[in-house]
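Remarks on the overall topology
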Amino acid sequence: HLASAYGTKAERSGMFVAARYGPKAKGGWEQAVALNPKHVDARFSLVQFYAFAPGFMGGSYDKAFEQANAIRAIDPILGHRAFGLIYEQQDKPELAKKEYTDAIAKYPSSAKAHGFLGQFFVNVEKNYSAAFGEFETGLKLDPTYMPTYYHLGRAASLAGINLQRGKEAMKKYVAYNPKENEPALTHGFYRLGLIFEKEGKMAEAKQRYQSSLKLNASHEEAKKALKRLS
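Structure report, in brief.

Reading the values: rules and limits
- Residues numbered from 1 in each chain as written.
- Predicted model: local features only at pLDDT ≥ 70, side-chain atom pairs only at ≥ 80, totals over all residues.
- Heavy atoms only, no water.
- Salt bridge = Lys/Arg side-chain N within 4 Å of Asp/Glu carboxyl O.
- Helix = DSSP H or I, 4+ residues; strand = E, 2+ residues; numbered from the N terminus.
- Buried < 20%, exposed > 50% of the residue type's maximum accessible area, 1.4 Å probe, protein only.
- Phe/Tyr/Trp six-rings, centres within 6.5 Å; stacked < 30°, edge-to-face > 60°.
- Lys NZ or Arg CZ within 6 Å of the ring centre and 35° of its normal.
- Expected span 1.5 Å × (residues − 1).
- Contact = heavy atoms within 4.5 Å.

Comments concerning the pattern of salt bridges
Taken as a whole, this structure holds eleven salt bridges when the rule is applied. Between Lys98 and Asp102 there is a salt bridge, and its shortest N-O distance comes to 2.8 Å. With a gap of four residues between them, Lys98 and Asp102 both fall in helix 6 (residues 93-106), about one helical turn apart. By relative accessible area, Asp102 is classed as partly exposed at 23%. Linked by salt bridges that have partners in common, Glu136, Arg165 and Glu168 make up one network.

Concerning the environment of Gln31
On the secondary structure map, Gln31 appears in helix 2 (residues 15-35). In sequence terms Gln31 and Ala42 are eleven residues apart; their C-alpha atoms lie 9.1 Å from each other.

Examining the packing of aromatic side chains
Within this structure, the stated rule accounts for ten aromatic pairs. A ring pair is formed by Phe83 and Tyr87, whose centres lie 6.5 Å apart and whose planes are at 40°; its orientation type is tilted. Within this pair, Phe83 and its partner Tyr87 are both found in helix 5 (residues 76-89), separated by four residues, close to a single helical turn. Taking the relative accessible area as the measure of exposure, Tyr87 reaches 16% and is therefore buried. Put simply, the rings of Phe65, Phe83 and Tyr87 touch in pairs and so form one group of aromatic residues. Across from the ring centre of Tyr149, 5.5 Å away, lies the NZ or CZ of Lys172, which sits over that ring.

Considering helix 11 (residues 185-198)
For helix 11, which comprises 14 residues, the first-to-last C-alpha distance of 20 Å matches the rise-based estimate of 20 Å (1.5 Å per residue) to within 8%. Here helix 11 lies mainly inside the structure; eleven of its 14 residues are buried. Burial in helix 11 covers these residues: Thr186, Gly188, Phe189, Tyr190, Arg191, Leu192, Gly193, Leu194, Ile195, Phe196 and Glu197. At its buried positions, helix 11 is contacted by helix 9 (147-159), helix 10 (163-174), helix 12 (202-215) and helix 13 (220-229). Residue Gly200 follows helix 11 closely and has a positive phi angle near 85°.

Some words on unusual backbone geometry
One non-glycine residue, Asp91, lies in positive phi territory at about 60°. Tracing the backbone shows Asp91 in the loop between helix 5 and helix 6. Overall, the relative accessible area of 65% leaves Asp91 in the exposed class. One non-glycine residue, Asn162, adopts positive backbone phi at about 55°. Note on placement: Asn162 falls in the loop between helix 9 and helix 10. Taking relative accessible area as the criterion, Asn162 reaches 33% and is therefore assigned partly exposed.

Rendered as structure tokens:
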């Protein structure tokens, strides 16, 4: 948790502050893994750090792959996600997609695996129809896996289609208390605001942007959205 706090500080700050807090975040996650080698959340955070951080801050694809291999031995589905994330960052979309499709082939009843492929369709291919299909499949398999509702709603907010379904899903998500490494509610309220805005319901959109900022006053997108509506 301390490492995650340092990581958040680094993400929200300029390069000079990030250079100070990024290594502290890395050190915290490394210590968590040393204390508990099966702590997959800490290992996945290290994958993200090593894959995204510049070299002078400790970024390293080799170290990212090391962590991904360790994750795969503990949680194979999350391991596929870790490898896919690295390949996405390396601009190797076909290798990333293979990780996600392989996960589904091995674990067809996993809502999480379908969700990871859906996120790939949204973030990389911009194939929203395929993404909605994966999210809906995931919800049929496990309607209690809450991140799927968030990602379905996020896809609707980005695509500007399937808005009613996206709104229903995101309303369900913001009524939930996310676990560690699940999307924060500040993002959920922001995305819900975008859906309302795309529907032309500006008062409802403004209310959700304000809710987002109550949870995180530094949410730049929500601030810009409120300014846009004022």
